[in-house]
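Take a look at the letters that make up each chain.
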Amino acid sequence: MNNTEAKLITAVLNDKQVHVLLQANVDNLLRTHNDVWNFIRQYSENNQSVPPTSLVVEKFRDFEPVDGVGATKHHLEELQTEYLNDSLKDILRNAAGEVQSGNGNNALEHLITKTSELKKNTAAIRDIEVTDLDSAVAYFENVKKMQDLGQVGIKTGLPGFDNYLPSGIMPGQLGVFLAYPGIGKSWLALYFAVQAWKQGRSPLVISLEMSETEVRNRVFAIMGEGLWSHRKLSNGQVEIDMLKKWHADKLQGKPEFHIISNDSGGEVTPSVIRGKIDQYKPDFVVVDYLQLMSPNQKSDNETVRMKNLSRELKLMSISEEVPIMAISSATPDDVKDLSSPPTLGQTAWSRQIAYDADWVMALGRATNSDIIECVFRKNRNGFMGDFLVQVDFDRGYYRYKDYEDKNG
């Protein structure tokens, strides 16, 4: 029998720390001692205590306790490492076999699916003890230091949004822009990314409906705040010397701003995005847009696909400690009204997106209007409310506007 597993079982029988295993997905890690662990778990649930070692040995004759073991947590980490290494070897061996057989696509699909499962099985669950004053003081002191360095919560420069989300867009949050087509949600998402960049953060934009060069043209227009015409940038009408001088003055030495696209038709999943996060270490991620993505866990049912995708993105924002802002299309109840901000119930394909999100902002814009109406439909970390943004898409202007001035 596996000696690492025997050490872990012995450790939990000695120090009684059964909760450590209960919260660690240990059922998926054990390969030779699952029956012993299931007995210990069921005994603990029924009797509120760990069974004596002698009882376990009596019931499982092939189990031999190991002398000189340490704490349960220590041996759990040993088993997780062993499981990770062994599983990776199996995954790579299988993928290599597919490649040698000329099935590269199958190999890639196998890698994405299995590594996603592996991440889930070896992920840690985090907790805190509320009455631990030292822990709370250390946390708030760290928050204050980060605030002093300007490293907490991304602000947008739009008083309406920033007032309703006082802490700013924080690491671990999943935010959603919800709108019908043609409202300007991709533009506004890029404006948010540029504001993060101006605050010293490194954005990562995943564009699934535009080429990376088109997204860059939009970003340049927003960064320029009137200096560039998006229409002319798209047509290649740029004075190169002026572009070089602007780059040297405004962009050189600033944080990196990465744009990823799949205009060649490649499938983008949360695992792919996680790989890009590991590669570029961004501080802010934009996904444009959800309905064009694929979840790690495949399904032919569109509702199930979106449900899986939403949950995977939320877990990724938490585990990677990076804010993710996703764009979602909406399904109208009345096809004649595509200008009003949609409700949560009009989220395309699955309302799970709204459940998983920390905040959802619905956008609306009348035909030929330069005013975007923004309405918080959900906000876990702030307040509900609405506001207006006046936009010049060609020149990259975004201005907060009071409702009283809407027609002014």
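For the structure itself, consult the block above.
Every value quoted in this text rests on a predicted model; they were computed, and no experiment measured them.

Participant: Describe in detail the sheet that holds strand E6 (residues 359-364), supporting the description with residues and values.
Facilitator: If you trace the nine strands from one edge of the open sheet to the other, you get E3-E2-E4-E5-E1-E6-E7-E8-E9, paired in mixed fashion. The two strands at the open ends of the sheet, each matched to only one other strand, are strand E3 (258-261) and strand E9 (397-401). Strand-to-strand twist in this sheet, taken as the mean axis angle between neighbours without regard to direction, amounts to 20 degrees. Where strand E7 (residues 371-379) meets strand E8 (residues 386-392), five bridges bridge the pair, whose relative direction is antiparallel. Among the inter-strand pairings, Cys374 is bridged to a residue of E8, identified as Phe387.

Participant: Could you give an account of the side chain of His110, naming the residues involved and the relevant values?
Facilitator: Mapping His110 onto the fold places it in helix H6 (residues 104-122). Apart from residues lying up to four places away in sequence, His110 is in contact with Ile91, Asn94 and Ala95.

Participant: Describe the nonpolar core, naming the residues involved and giving the relevant values.
Facilitator: Counting residues in each nonpolar core, the largest one holds 72 residues, and the members touching the most others are Phe161, Phe177, Phe192 and Met361. Counting residues per element, this core draws most heavily on helix H9 (residues 185-198), which supplies ten residues.

Participant: Kindly report on the pattern of salt bridges, identifying the contributing residues and their values.
Facilitator: Overall, the coordinates contain twelve salt bridges when judged by the stated rule. Glu225 serves as the salt-bridge partner of Lys198, at 3.0 Å between the closest nitrogen and oxygen. Taken together, the residues span a long stretch of sequence, with Lys198 in helix H9 and Glu225 in the loop between helix H10 (212-224) and helix H11 (230-234) at a distance of 27 residues. Owing to a relative accessible area of 43%, Glu225 belongs among the partly exposed residues under this scheme. Residues Arg218 and Glu214 are paired through a salt bridge, measuring 3.3 Å at the closest nitrogen-oxygen approach. Linking Arg218 with Glu214, this pair stays in helix H10, spanning four residues, or about one helical turn.

Participant: Outline the environment of Pro159, supporting the account with residue identities and numerical values.
Facilitator: The residue Pro159 is located in helix H8 (residues 159-164) in this model. By relative accessible area, Pro159 is classed as partly exposed at 36%. Between the C-alpha atoms of Pro159 and Asp333, which are 174 residues apart in sequence, the distance is 31 Å.

Thresholds applied
- Residues numbered from 1 in each chain as written.
- Predicted model: local features only at pLDDT ≥ 70, side-chain atom pairs only at ≥ 80, totals over all residues.
- Heavy atoms only, no water.
- Pairing = 2+ DSSP bridges.
- Helix = DSSP H or I, 4+ residues; strand = E, 2+ residues; numbered from the N terminus.
- Axes fitted to C-alpha atoms, helices over the stretch in contact; angles between N-to-C directions.
- Contact = heavy atoms within 4.5 Å.
- Core = buried A, V, L, I, M, F, W, Y, C linked by side-chain atoms within 4.5 Å.
- Buried < 20%, exposed > 50% of the residue type's maximum accessible area, 1.4 Å probe, protein only.
- Salt bridge = Lys/Arg side-chain N within 4 Å of Asp/Glu carboxyl O.

Note that all results are geometric; they support no functional claim without further evidence.
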